[in-house]
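# Survey of secondary and tertiary structure
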Amino acid sequence: MLDNLKKLLNEDQDPNAIEKISAKLENLLMSHEEVGYIAVQKKPAITVFPDSIVVTNKRIILCKPKNLGLSMEFVDYDWNDIAGTFVKEGILGADFTFTTQSDLTHTVDYLPKNQARKLYTFAKEQLDALKNPGVIPTAAPVVETPKAETTPETIEEPEVEEVHDFAEIIPVAQSGYRDEKQFPEAAAEQSLAELSQDALFEKLQNYKKLLDNGLILQGEYDRLKAEILKYL
């Protein structure tokens, strides 16, 4: 099981949280039950004991640490009890919500957007499989096309003329050349304008991590944050 869970650590999940959850799930999983995805909560402030949500091929499992992380509470719902799932994305993350047939609603907030999307995709596939039990997705056959035979071409090397004259050296200030190292602010604005909303939010999170680790000062973080918020 641990080998399979290593594949899930690709969306910035907390490795320590995944390790704790996977260790406890070994005794909770039923026969022929496989973990499809694990999403871990990531609040803007430092979260010592984050909530998480696990989806398997049989159910949804909510994992909530208790007693300062010494114990964990598990609440599960079979896919037959699930009426629908929803994802709502915000600036600081996404909310994953699911409703049951008995009109109960559960929400896990502050999930990274990529994790919430993977969670929603897996849940939708499970619900679709329940609605259409006889439909089994099959991969389209791969047809190989014969490759045309090519004859090798001979490349003639051009004659190289010896140059005796030297070009005139023009100062950079007169040439109008703009280097990113000379004008970092213009280059940064151009690169931020070309980024998507998700990429801008991810860049803001990276700056926050640098601030929390003491690698940049508060003033520098505020300046970088203000530049990114102009494009969000």
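In this report, the structure presented in the accompanying data block is examined. It should be emphasised that the depicted structure is a prediction, and the values quoted were computed from it without experimental measurement.

Moving on: the sheet that holds strand β6 (residues 94-100). Pairing is antiparallel in the open sheet, where 3 strands are placed in the order β5-β6-β7. Because the sheet does not close on itself, it has two edges, and the strands there are β5 (82-89) and β7 (105-111). Recorded for the sheet is a direction-independent mean angle of 15° between the axes of neighbouring strands. Relative to β6, β5 runs antiparallel, the two being bridged by 7 bridges. Residue pairing in the sheet places valine 87 in a bridge with phenylalanine 96 of β6.

Pairing of strand β3 (residues 59-66) with strand β4 (residues 71-78), which is carried by 8 bridges, proceeds in the antiparallel orientation. Within the sheet, the bridge partner assigned to leucine 62 lies in β4 and is valine 75. Counted between consecutive antiparallel strands, the loop separating β3 from β4 contains 4 residues, among which asparagine 67 sits at a positive phi close to 55°.

Grouped together as the largest cluster of nonpolar side chains are 19 residues, with contacts concentrated most on Ile53, Trp79, Phe98 and Leu119. Listing elements by their share of this core, those giving two or more residues are β1 (35-40), β2 (52-56), β3, β6, β7 and α3 (113-131). Examining the composition of this core, we find that 5 residues originate from one element, α3, more than from any other. Ignoring anything within four residues of it in the chain, the contact list for tryptophan 79 reads Val55, Thr56, Asn57, Lys58, Arg59, Ile60, Phe122, Ala123, Gln126, Leu127 and Leu130.

Moving on: the sheet that holds β4. Whether parallel or antiparallel, the strands of a sheet pair through hydrogen bonds between backbone atoms. One open sheet holds the 4 strands; their spatial order is β1-β2-β3-β4, and the pairing between them is antiparallel. Looking at the sheet topology across the chains shown, the edges are occupied by β1 and β4. In this sheet, neighbouring strand axes are inclined to one another by 20° on average, regardless of whether the strands run parallel or antiparallel. Bridge count between β1 and β2: 5 bridges; the pairing is antiparallel. Within β2, the position partnered with valine 35 by the bridge is threonine 56. Its contacts with the sheet put helix α2 (residues 15-25) on β1, β2, β3 and β4, and the angle it makes with β1 is roughly 140°. Most of the contacts of α3 go to β1, to which it runs at about 150°, and overall it touches β1 and β2.

The rules behind each value
Residues numbered from 1 in each chain as written. Predicted model: local features only at pLDDT ≥ 70, side-chain atom pairs only at ≥ 80, totals over all residues. Heavy atoms only, no water. Pairing = 2+ DSSP bridges. Helix = DSSP H or I, 4+ residues; strand = E, 2+ residues; numbered from the N terminus. Axes fitted to C-alpha atoms, helices over the stretch in contact; angles between N-to-C directions. Core = buried A, V, L, I, M, F, W, Y, C linked by side-chain atoms within 4.5 Å. Buried < 20%, exposed > 50% of the residue type's maximum accessible area, 1.4 Å probe, protein only. Contact = heavy atoms within 4.5 Å.

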